[in-house]
Amino acid sequence: MLRLHIETACRRGGAPALRPHDLDEDQCLVLLREKGQTERWQPISPTLMRHLLAHAFAEFLRQRLERDHPEQVAELHHITSDWLGSHQMLSEAIDHAMAAGDPERAVELVEENARDLVEHGQLATLTGLAAKLPPRHAAAHPLLQITLAWANVLLRRPAEVHTALRLAIASDTAKSAAGQPMSDLELEAALLHGVEFAFADRIDDRDSVVEECRSRTDALTPWVLCAASNVGAFVALHRFDFDRVREWHEWGAPYFRHVASALSIMYSHCLAGIAAHEQLDMDRAEHHFQTALQLARTTAGENSQTARLAGAMLGDFRYERNELEEAELLLDNGAQLGFEGGPVDLLLATYATGARIKAVRGDLAAAVARLTEGARVAGTLALPRLAARIVTERVRLGLEQVTAADRQRAPIPENNGIITAIRESEEESAIRTLLRGHPDLAAARSAALLRSIDPGRRPRAALYATLLNANCLATQGHTDDAADELAPVPARCAHIGIVRPVLDEGPTLIGVIRRMRNDQEQGRQRPARPHVPRAFLAELLDQPAGELQNHGTGLTSPIEGP
């Protein structure tokens, strides 16, 4: 009512006296009665009109009926509930359905709108509405429960996810007998477990589930089919089957067009972009990251969660190209998401790359703070891949040393790229720690790490491992060997337009690059070494000294914390 008095300056008794026919909904006018029986039509905002309609309609009916026809109160609560529901005032509609003694109608109101609320990202609204429902009645509606499971998996509430799935399956009248094909709802529940595992940074055997979804395109909703596409792409990405990621993205394209939310299509483009990035197909990767951000901004808004997530991936990409100003802005925006920061692949960009760019730009306190926050998120959500990468970044900055002793490790499960990434991050941390005092051991282990990576299957990972190995050789004093190891990398980086991977290895490797440039300019270059464009060499060697200080191997003094 305060809004009414602010907009109209009406007398105190004006609002309670409103009746439905005092409101002109089409023209947004309200009839006000002033002292002396004078009346005036006052323009008001559409938002105020919507709430006045609810107030006036409900209050007028309630007073009249309680006075003249108390036996019709329940029926009019039904009518009011239907009207409020048709105007998307769901919370009030639920209240009137309950007041009418019709809890089933209250449940139906939420169930009818639940999918739309999830697709539009109104997850807390949905769970709040569901909390108003009688649990016994809500539990008997499998479609409501499966949709609540979707909301809770996106909100990272595993206990609530499992409760909703259990209730959904228990009340599914179409559920299959043992040994029979799953019902559509059971299949959706199995897929939802795959989404939960993806957010927990785990891959499991979801192949049969996503393939079954592909065979039921006529029965499953576009939302479910989009999720199947993204789960399939996520699993393929972390089996290093990058072409398969693109296939899943292309398969899901027709279904993404039928989903209101930009979240699903944003994730699909990001997964396809990450796969292209790992293949060093930079044009394709940039296309996917830019498209993800453009769709998110257009559909969900400039400052939406979806746009910030997409922006973090583009920021990570821009950083590699040394486009620091844009990269920092995008990564800082992503850091505002906290626990809503999406899958680990996006969190790695936000916290690890986000911290590195702060260090490169000289804001070491901000770098430490970003890594500390990343470690907290990794610990709270039990994300070992993020935790391992945070440690690696701390070692790079001289903030931390790790136990570098060789130890027997359990074998890595075949085609489990998540565990592979964790082990490689741990090994990189050990190698960079050894570089401080035992460069010979570091070089031996970096060579072993490089040999373990198939460059045909994982070209980006091989490029980074080559740079680390060349740095280790150079730190040992084996400059010629380092130059031979490094030789193909600058030419490749120049061709695809990336700079930071070379710069971030630090001054020792830059010294090798300088020698390679001198050899090239003075005609002393070995015939087998690829020619590197002069402009690219200049970009590498003309960086301000401050950008390389305390960066790369961690050979300099440890950075003081904040």
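Residues numbered from 1 in each chain as written. Predicted model: local features only at pLDDT ≥ 70, side-chain atom pairs only at ≥ 80, totals over all residues. Heavy atoms only, no water.

J.: Tell me about the packing of helix 17 (residues 324–335) against helix 18 (residues 344–360), and please be specific about residues and values.
T.: For the pair helix 17 and helix 18, the least separation of the axes is 9 Å and the interaxial angle reads 135 degrees. One element, helix 17, and the other, helix 18, form an angle in the oblique class. Two packed elements cross with a definite hand, and for helix 17 against helix 18 that hand is left-handed. On the side of helix 17, the interface is formed by Leu 324, Ala 327, Glu 328, Leu 331, Asp 332, Gly 334 and Ala 335, while helix 18 contributes Ala 349, Thr 350, Thr 353, Gly 354, Ile 357, Lys 358 and Val 360. (Axes fitted to C-alpha atoms, helices over the stretch in contact; angles between N-to-C directions. Helix = DSSP H or I, 4+ residues; strand = E, 2+ residues; numbered from the N terminus. Parallel < 35°, antiparallel > 145°, perpendicular 65-115°, else oblique. Left-handed = near helix turned anticlockwise from the far one by under 90°. Contact = heavy atoms within 4.5 Å.)

J.: Residues and numbers for the confidence of the model for the protein, please.
T.: Per-chain confidence: the protein averages 86 in pLDDT, with 85% of residues scoring 70 or above. Note that pLDDT drops below 50 for residues 545–562; the model gives that stretch 47 contacts with residues more than four away or on any other chain. (pLDDT = per-residue confidence, 0-100.)

J.: Which residues make up the environment of Pro 158, and what values do they have?
T.: Inspection of the secondary structure puts Pro 158 in helix 9 (residues 158–170). The partly exposed category is assigned to Pro 158, whose relative accessible area is 44%. (Buried < 20%, exposed > 50% of the residue type's maximum accessible area, 1.4 Å probe, protein only.)

J.: Talk me through the sheet that holds strand 2 (residues 29–33); I want residue IDs and the actual numbers.
T.: In spatial order, the strands read 1-2-3; together these 3 strands make up an open sheet with antiparallel pairing. In this open sheet, the two edge strands, each paired with only one partner strand, are strand 1 (23–24) and strand 3 (39–43). Bridge count for strand 1 against strand 2 is 2 bridges, and the pairing is antiparallel. By the bridge assignment, Leu 23 is partnered in strand 2 with Val 30. (Pairing = 2+ DSSP bridges.)

J.: Can you lay out the packing of aromatic side chains for me, pointing to particular residues and giving the numbers?
T.: Applying the stated criterion across every chain, the model contains 6 aromatic pairs. Measuring from ring centre to ring centre gives 5.8 Å for Trp 150 and Trp 223, while their planes differ by 85 degrees; the resulting arrangement is edge-to-face. Linking Trp 150 in helix 8 (residues 142–154) with Trp 223 in helix 12 (residues 222–237), this pair joins segments that are 73 residues apart in sequence. The ring centre of Trp 248 lies 4.8 Å from the NZ or CZ of Arg 214, which sits over that ring. The residue whose ring lies beneath Arg 458 is Phe 240, and the NZ or CZ to ring-centre distance is 4.2 Å. (Phe/Tyr/Trp six-rings, centres within 6.5 Å; stacked < 30°, edge-to-face > 60°. Lys NZ or Arg CZ within 6 Å of the ring centre and 35° of its normal.)

J.: Please set out the pairing of strand 2 residue by residue, giving values where relevant.
T.: When you tally the buried positions in strand 2, you get 4 out of 5 residues, the bulk of the element. Connecting strand 1 to the antiparallel partner strand 2 that follows it, the hairpin turn spans 4 residues, and Cys 28 within it adopts a positive phi of roughly 55 degrees. As judged from the 5 bridges shared by strand 2 and strand 3, these two strands associate in the antiparallel manner. If you follow Leu 32 over to strand 3, its bridge partner there is Arg 40.

J.: Go over the packing of helix 9 against helix 10 (residues 184–199), please, and point to the residues and values.
T.: Viewed as axis vectors pointing N to C, helix 9 and helix 10 meet at an angle of 170 degrees, and their least axial separation amounts to 10 Å. As far as their axial angle goes, helix 10 and helix 9 are roughly antiparallel. Counting all contacts with helix 9, which are made through Pro 158, Val 161, His 162, Leu 165, Ala 168 and Ile 169, the residues of helix 10 involved are Leu 185, Glu 186, Ala 189, Leu 192, His 193 and Glu 196. Taken together, the residues that form the contact of helix 9 with helix 10 break down as 8 nonpolar, 2 polar and 2 charged. (Nonpolar A, V, L, I, M, F, W, Y, C, P; charged D, E, K, R; others polar.)

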